[in-house]
Amino acid sequence: MKKLLVFLVFLATSMVQAQNRYTQGMDKAFALWRENKIVEASNLFERIATAEPDNWLPYYYVAQVNTLASFGEKDLQKLSVKLEKAKEFLDVAKAISPDNPELLIQEALINTAWISFDGATYGMTLSQKNVQLYNRAMELAPNNPRVILSKAEWDMGTARYFGKDTAPYCKDVEKALELFATFNSEIPYYPSWGKERAQQVLEACK
């Protein structure tokens, strides 16, 4: 009985220490990202992902950091390195957490980065893929404000491209903004971005 008690105490202590390392690592990675130290942040998220093979979040953030850093990149080789790494880590995250709406809209963002770089080459195939991703995300999480906002922005971009009115999608952005006020998750480091972006898009609607 005494040996079992010692083992349980040891196990609990080890779990707390591991959790502390995870928290410290994630906090540091986000701090690096805020300081625009993109490579350092990506590398740290990657190391955390290696240490947390059953946790989709570090993989997600490797994908997100590299995807956002790719927008505006003019060099195909540099763009490819970022987006291929983003897709590689996203695929692992999707294997850990299938049918996750946050991962679906991240995949659509990767596609959008390719389209933004070269619409003539990537627009036809990836645009249709994005429609499917956003529709699936809406089926899974119709009240997730990031899903609603991301789909609305995509629909707005499509409308502009074809010379159509974007006003109908402003109501979706407004709905997303309302949902940001109440939507939350108890999972530490769960994605929380989007509110400021929704405010900017809605302001442009006026």
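## Regarding helix H9 (residues 195-205)
Item 1. Among the residues of H9, Ala 198, Val 201 and Leu 202 are the ones counted as buried. For H9, the arc enclosing every buried residue in end-on projection is 100 degrees, short of the 170-degree limit, so these residues lie on one face. Exposed residues on H9 whose side chains face more than 90 degrees from its buried face are Glu 196, Glu 203 and Ala 204.

## Remarks on the packing of aromatic side chains
Item 1. Per the stated rule, a full pass over the model turns up 15 aromatic pairs.
Item 2. A centroid spacing of 6.2 Å and a plane angle of 25 degrees characterise the contact between Phe 30 and Trp 33, whose relative ring orientation is stacked. Of the two residues, Phe 30 and Trp 33 both sit in helix H1 (residues 2-34), three residues apart, roughly one turn of that helix. There is no split in this pair, since Phe 30 and Trp 33 are both buried.
Item 3. Joined through ring pairs, the aromatic side chains of Tyr 22, Phe 30, Trp 33, Phe 45, Trp 56, Tyr 60, Tyr 61, Tyr 189 and Tyr 190 make up one cluster.

## What to know about the nonpolar core
Item 1. Ranked by internal contacts, the top residues of the largest apolar core, which has 42 residues, are Met 26, Phe 30, Trp 33, Phe 45, Trp 56 and Tyr 61.
Item 2. For this core, the secondary-structure elements that each account for two or more residues are H1, helix H2 (38-51), helix H3 (56-70), helix H4 (76-96), helix H5 (101-117), helix H6 (119-140) and helix H7 (145-161).
Item 3. Apart from residues no more than four positions distant in its own chain, Met 26 is found in contact with Phe 45, Ile 48, Pro 58, Tyr 61 and Tyr 189.
Item 4. If you look at the next biggest cluster of nonpolar residues, it comprises twelve residues, including Ala 152, Leu 179, Phe 180 and Val 201.

## Some points on the pattern of salt bridges
Item 1. Under the defined criterion, the tally for this structure stands at ten salt bridges.
Item 2. In this structure, the salt-bridge partner of Arg 146 is Glu 102, at a minimum N-O distance of 3.0 Å. On the criterion of sequence distance, the pair formed by Arg 146 in helix H7 and Glu 102 in helix H5 is long-range, its members being 44 residues apart. The residues Arg 146 and Glu 102 share a single accessibility class, namely buried.
Item 3. Among the salt bridges present, the one from Glu 139 reaches Arg 136, with a minimum N-O distance of 3.1 Å. Here Glu 139 and its partner Arg 136 are both found in helix H6, three residues apart, which amounts to about one turn of the helix.
Item 4. Connected through shared salt-bridge partners, Asp 99, Arg 136 and Glu 139 make up one network.

## Considerations on the confidence of the model for the protein chain
Item 1. Mean pLDDT over the protein chain stands at 92; residues scoring 70 or higher make up 91%.
Item 2. Low pLDDT, under 50, characterises residues 2-16; the predicted model gives this stretch zero contacts beyond four residues in sequence or across chains.

## Side note on the packing of H5 against H6
Item 1. Relative orientation of the contacting elements H5 and H6 amounts to 165 degrees, with a least axis distance of 8 Å. The pairing of H5 with H6 is recorded here as roughly antiparallel in orientation. The handedness of the crossing between H5 and H6 is left-handed. Residues Pro 101, Leu 104, Ile 105, Glu 107, Ala 108, Asn 111, Thr 112, Trp 114, Ile 115 and Phe 117 of H5 lie in contact with H6, whose contacting residues are Gly 119, Tyr 122, Gly 123, Leu 126, Ser 127, Lys 129, Asn 130, Leu 133, Tyr 134, Arg 136, Ala 137 and Leu 140.
Item 2. Grouping the constituent residues of the contact of H5 with H6 by class yields 13 nonpolar, six polar and three charged.

## Some remarks on H4
Item 1. Helix length check: H4, at 21 residues, gives a terminal C-alpha distance of 30 Å against a target of 30 Å (1.5 Å per residue), a fit within 8%.
Item 2. Listed as buried for H4 are Leu 79, Ser 80, Leu 83, Ala 86, Phe 89, Leu 90 and Ala 93.
Item 3. Sitting at the amino-terminal end of H4 is Asp 75, which places a side-chain oxygen 2.9 Å from the backbone nitrogen of Gln 77.

Rules and cut-offs
Sequence order as written defines residue numbering, which begins from 1 separately in each chain. With pLDDT at 70 or above as the cut-off, local features in this predicted model cover only qualifying residues; side-chain atom pairs require 80 or more to be listed or tallied, and sums for whole chains, interfaces and linings still use all residues. The side-chain quantities take in all heavy atoms of the structure and omit both hydrogens and water. Type-normalised accessible area, obtained with a 1.4 Å probe on protein chains alone, sets the label of each residue: buried when under 20%, exposed when over 50%, and partly exposed for intermediate values. Put simply, DSSP marks the helices as runs of H or I at least four residues long and the strands as runs of E at least two long, and each gets a number from the N terminus on. The arc in question is the one traced by the directions running from the helix axis out to the C-beta atoms. Between rings of Phe, Tyr and Trp, where Trp is taken as its six-membered ring, a pair exists when centres lie within 6.5 Å; planes separated by under 30 degrees are stacked, by over 60 edge-to-face, and by other angles tilted. Among buried residues, those of type Ala, Val, Leu, Ile, Met, Phe, Trp, Tyr and Cys that are joined through side-chain atoms within 4.5 Å constitute a nonpolar core. Every residue pair with non-hydrogen atoms within 4.5 Å of one another is taken to be in contact. Whenever a carboxyl oxygen of Asp or Glu lies within 4 Å of a side-chain nitrogen of Lys or Arg, that contact is scored as a salt bridge. The predictor attaches a confidence to each residue, called pLDDT, with possible values from 0 through 100. Axis lines are fitted to C-alpha atoms, over the contacting stretch for helices. Their N-to-C directions set the angle, which ranges from 0 to 180 degrees. When an angle is under 35 degrees it counts as roughly parallel; over 145 it counts as roughly antiparallel; between 65 and 115 it counts as roughly perpendicular; any other value is oblique. Crossing handedness follows the turn of the near helix against the far one: under a right angle anticlockwise gives a left-handed crossing, and clockwise gives a right-handed one. Residues are grouped as follows: nonpolar covers Ala, Val, Leu, Ile, Met, Phe, Trp, Tyr, Cys and Pro; charged covers Asp, Glu, Lys and Arg; every other residue, Gly included, is treated as polar. To estimate the expected span of a helix, count its residues, drop one, and scale the result by 1.5 Å. Under this definition, polar contacts are N or O atom pairs within 3.5 Å; protein pairs additionally need one hydrogen-donor-capable and one acceptor-capable atom, and for neighbouring residues in sequence, both atoms have to be side-chain atoms.

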